[in-house]
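Letter by letter, the chains look like this.
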Amino acid sequence: MTPASPGDERAAAAKRRARAARSLACADIVDALGRIHRHRAHIHDLVTPTPGRVLFGPAVTISFFPSCSVMMDPETHTFGALLRQAVGVEPDGGRGKVLVLASNGHRDVSIGGGTKLSLLTRYGLAGVLTDARLRDFAQLQSHPFAAYCSAEAVRWGGDVITPYQANVPVVVAGVGVHPGQYVFADDSGAVVIPEPDIDAVLDGAAAVGKEEAAFRAQVEQERTTT
């Protein structure tokens, strides 16, 4: 039997983690991560045009910056160009990954919409997380990926902020995100998980869920008995 290649092993691990994540809740992951680390890793007050879809995968990042055509050439600092930098040159470089868009304090500005974000489907990304607004919620629902943001927007925001750097550490709603760290988001919020701890945190979150279920069952049994 031919031994599995490193690429095959990575793909198998990614599928296993994604399968495990679909059965977990954000709160349980936050609890499990909190048993390992004490830094803040959760993000709340998010909305989604894709309710019920779980967002999970390793992060690629784009950092936005206040628009200035003198300092940033509008022809090169485009969303498409920065997205290509973020996912890399490999054909499947973006597959299953989460695009994290950092507004750098401009949470009320639109950072993208249904047309621009359709590029995520081309590159096979799992979805997008941002602390800014997104446009075209109805259109985003038709795409296969998950999206989480601060609110819906109706106005284009390119005259306020511009894509500036790709795959750099960013801060999203007060939480640091490094490329390669894992992002999980559901309807209740989001959490960022250090890559070396991903398997321990997923296993820990499953254990937390079982503990909570057992406690609820015990309370119900005591209530019924009483």
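Below is a short write-up of the structure.

**What to know about the packing of helix 2 (residues 26-34) against helix 6 (residues 198-225)**
Where helix 2 contacts helix 6, the axes come no closer than 8 Å and their chain directions differ by 115 degrees. For the element pair helix 2 and helix 6, the recorded crossing hand is right-handed. Side by side, helix 2 and helix 6 meet where Asp28, Ile29, Asp31, Ala32 and Leu33 of the first sit next to Val201, Gly204, Ala205, Val208, Gly209 and Glu212 of the second. A per-class count over the contact of helix 2 with helix 6 returns six nonpolar, two polar and three charged.

**Quick word on the nonpolar core**
The biggest cluster of nonpolar side chains holds 28 residues, and the ones touching the most others in it are Ile62, Phe79, Leu83, Leu99 and Leu134. Looking at this core, the elements with two or more residues in it are strand 2 (55-66), helix 3 (79-87), strand 3 (98-102), helix 4 (119-123), helix 5 (137-141) and strand 8 (161-166). Of the residues forming this core, the biggest block, six residues, is contributed by helix 3. The contacts of Leu83, once residues within four sequence positions are left out, are Ile62, Leu99, Leu119, Tyr123 and Leu125. In this structure, Ile43, Leu55, Val100 and Ala173 belong to the second largest nonpolar core, which totals 20 residues.

**Description of the environment of Leu82**
Along the chain, Leu82 falls in helix 3. Residues Leu82 and Pro196 lie 114 residues apart in sequence; the distance between their C-alpha atoms is 26 Å. Apart from the residues within four sequence positions on either side, Leu82 is in contact with Ile62, Thr76, His77, Pro163, Tyr164, Gln165 and Ala166.

**Focus: the environment of Thr121**
Following the sequence through the fold, Thr121 ends up in helix 4. In sequence terms Thr121 and Pro144 are 23 residues apart; their C-alpha atoms lie 7.1 Å from each other. In this structure Thr121 touches His143, Pro144 and Phe145, once residues within four positions along its chain are discounted.

**Describing the side chain of Thr50**
Here Thr50 lies in the loop between strand 1 (42-43) and strand 2. Those residues within four positions of Thr50 in sequence are excluded, and the remaining contacts are Leu140, Gln141, Phe145, Ala146, Ala147 and Tyr148.

**Considering unusual backbone geometry**
For Asn167, which is not glycine, the phi dihedral falls at a positive 55 degrees. Secondary-structure assignment places Asn167 in the loop between strand 8 and strand 9 (170-172). Owing to a relative accessible area of 32%, Asn167 belongs among the partly exposed residues under this scheme. The backbone phi angle of Ala173 is positive, close to 55 degrees, even though this residue is not glycine. Position of Ala173 among the secondary structure elements: in the loop between strand 9 and strand 10 (175-177).

**Looking at the state of the cysteines**
Taken as a whole and judged by the stated rule, the model has zero disulfides. You can see Cys149 has no disulfide; the closest cysteine sulfur is in Cys26, sitting 16 Å from it. A residue is classified by how much of its surface remains accessible, and Cys149, at 0% relative accessible area, is buried.

Rules used in this analysis
- Residues numbered from 1 in each chain as written.
- Predicted model: local features only at pLDDT ≥ 70, side-chain atom pairs only at ≥ 80, totals over all residues.
- Heavy atoms only, no water.
- Axes fitted to C-alpha atoms, helices over the stretch in contact; angles between N-to-C directions.
- Helix = DSSP H or I, 4+ residues; strand = E, 2+ residues; numbered from the N terminus.
- Left-handed = near helix turned anticlockwise from the far one by under 90°.
- Contact = heavy atoms within 4.5 Å.
- Nonpolar A, V, L, I, M, F, W, Y, C, P; charged D, E, K, R; others polar.
- Core = buried A, V, L, I, M, F, W, Y, C linked by side-chain atoms within 4.5 Å.
- Buried < 20%, exposed > 50% of the residue type's maximum accessible area, 1.4 Å probe, protein only.
- Disulfide = S-S within 2.5 Å.

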